[in-house]
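Architecture and fold: a report
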Amino acid sequence: MRLRDVFDRRIGPALRCRLCVPAVLALLVATAGIVYGVTNDDIVTALGATLFVPSAVILFGIGLRRSGVLSGRDGRRAG
């Protein structure tokens, strides 16, 4: 499988995913909160920031499934 085919079938639709933008934002907030909490010895902030990680993963999953990357579909719903 050529690299261009992989990009067209997997990476291209993932980059056009609307729900991936909030997922990346949630992941960035979680990372910043964890780093801030660890560097400033604030365990409550670090643990609180880890609560953003599951929501980011769920948003990635929903967005990639809707765009057809995870399910192998073309992103259109039947109906």
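Residues numbered from 1 in each chain as written. Predicted model: local features only at pLDDT ≥ 70, side-chain atom pairs only at ≥ 80, totals over all residues. Heavy atoms only, no water.

1. Considering helix 4 (residues 52-67)
With 16 residues, helix 4 should cover 22 Å at 1.5 Å per step; its first-to-last C-alpha distance of 22 Å lies within 8% of that length. Residues of helix 4 that are buried include every one of Ala56, Gly63, Leu64 and Ser67, and no others. All buried residues of helix 4 lie within an arc of 95° about the axis, which places them on one face of the element. Projecting away from the buried face of helix 4 at angles above 90 degrees are the exposed residues Val57 and Ile58. One or two positions beyond helix 4, positive phi appears at Gly68, with a value near 90°. (Helix = DSSP H or I, 4+ residues; strand = E, 2+ residues; numbered from the N terminus. Expected span 1.5 Å × (residues − 1). Buried < 20%, exposed > 50% of the residue type's maximum accessible area, 1.4 Å probe, protein only. Arc of directions from axis to C-beta.)

2. Quick look at unusual backbone geometry
Even without being a glycine, Asp41 presents a positive backbone phi close to 55°. By secondary structure assignment, the location of Asp41 is in the loop between helix 2 (20-39) and helix 3 (43-49). Assessed through its relative accessible area of 73%, Asp41 is described here as exposed.

3. Details of the confidence of the model for the protein chain
Overall, the predicted model of the protein chain reaches an average pLDDT of 80, with 72% of residues at or above 70. Considering each helix and strand of the protein chain separately, the mean pLDDT is smallest for helix 1 (residues 3-15), with a value of 68, and largest for helix 3, with 94. (pLDDT = per-residue confidence, 0-100.)

4. Some remarks on the packing of helix 2 against helix 4
Running from amino to carboxyl end, helix 2 crosses helix 4 at an angle of 160°, the nearest separation of the two axes being 8 Å. In terms of their interaxial angle, helix 2 and helix 4 are classed as roughly antiparallel. Here helix 2 runs over helix 4; the crossing is left-handed. Here Cys20, Pro22, Ala23, Val24, Ala26, Leu27, Val29 and Ala30 of helix 2 come into contact with helix 4, specifically with Phe52, Val53, Ser55, Ala56, Leu59, Phe60 and Leu64. A breakdown of the residues in the contact of helix 2 with helix 4 according to their chemical character gives 14 nonpolar, 1 polar and no charged. (Axes fitted to C-alpha atoms, helices over the stretch in contact; angles between N-to-C directions. Parallel < 35°, antiparallel > 145°, perpendicular 65-115°, else oblique. Left-handed = near helix turned anticlockwise from the far one by under 90°. Contact = heavy atoms within 4.5 Å. Nonpolar A, V, L, I, M, F, W, Y, C, P; charged D, E, K, R; others polar.)

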